[in-house]
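Results of the structural survey
Residues per chain are reported as follows:
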Amino acid sequence: MIWYDDLFVGKSISPRRKKRIIRKVNRRSIWGAEYLLTLSANPDNLIDIINIKVVRQRYYPRRDLVVIGLAGNYEEALMLAGEIVSGIYAVQGDFKLREFFKKNWRNTREDGLLC
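Quick look at the structure, then. This is a predicted model, so every value here is computed, not measured.

With that settled, consider the packing of aromatic side chains. Within the structure shown, the criterion is met by 6 aromatic pairs. For the ring pair Phe-100 and Phe-101, a centre distance of 5.4 Å and an interplane angle of 85 degrees mean the geometry is edge-to-face. In this pair, the class of Phe-100 matches that of Phe-101, namely buried. Taken together, the ring pairs in this structure connect Tyr-4, Phe-8, Phe-100 and Phe-101 into an aromatic cluster.

In this structure, Leu-37, Ile-47, Ile-68, Ile-84, Leu-97 and Phe-101 are the most contacted members of the largest nonpolar core, which totals 18 residues. Contributing elements (two or more residues each) for this core: β1 (2-9), β2 (35-39), β4 (66-71), α3 (74-92) and α4 (97-103). For this core, the element with the most residues is α3, which contributes 6 residues. Among residues more than four places away in sequence, those in contact with Ile-47 are Leu-37, Thr-38, Ser-40, Ile-68, Ala-81, Ile-84, Val-85 and Leu-97. Grouped together as the second largest cluster of nonpolar side chains are 14 residues, Trp-3, Leu-7, Ile-52 and Val-67 included.

The next point concerns α3. Here α3 spans 27 Å end to end across 19 residues, near enough to the 27 Å set by a 1.5 Å rise per residue. Within α3, the full set of buried residues consists of Glu-76, Ala-77, Leu-80, Ala-81, Ile-84, Val-85 and Ile-88. Down the axis of α3, the buried side of the element spans an arc of 165 degrees, and every buried residue falls inside it. The exposed residues of α3 that point more than 90 degrees off its buried face are Glu-75, Met-79 and Ala-90. In this fold, the buried residues of α3 make contact with β1, β2, β3 (47-51), β4 and α4.

Reading the values: rules and limits
Residues numbered from 1 in each chain as written. Predicted model: local features only at pLDDT ≥ 70, side-chain atom pairs only at ≥ 80, totals over all residues. Heavy atoms only, no water. Phe/Tyr/Trp six-rings, centres within 6.5 Å; stacked < 30°, edge-to-face > 60°. Buried < 20%, exposed > 50% of the residue type's maximum accessible area, 1.4 Å probe, protein only. Core = buried A, V, L, I, M, F, W, Y, C linked by side-chain atoms within 4.5 Å. Helix = DSSP H or I, 4+ residues; strand = E, 2+ residues; numbered from the N terminus. Contact = heavy atoms within 4.5 Å. Expected span 1.5 Å × (residues − 1). Arc of directions from axis to C-beta.

Given below as structure tokens:
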């Protein structure tokens, strides 16, 4: 799992809770009601909203999920996804999220790939 450096975080997530959630997700020991916003696995979509409980399944840690946001509930996740997409559109003039995050990525992987 790859975490975006400047993670978009919903208003209900405090900095302390954010660190705790990231640590628990990486250990696969999370049971909360939070949601992860990731770059979509399907190139026709922009963002996937994944319940944090689903990440415990064996399938997800093996995939290179690029986590770009964290929300406290589903409504907040929808609002945050809208804010991310509209903000990127305002900056870039298009909806190419992957290209935006590749350009603004601080810690690139050794192979230079984002996802």
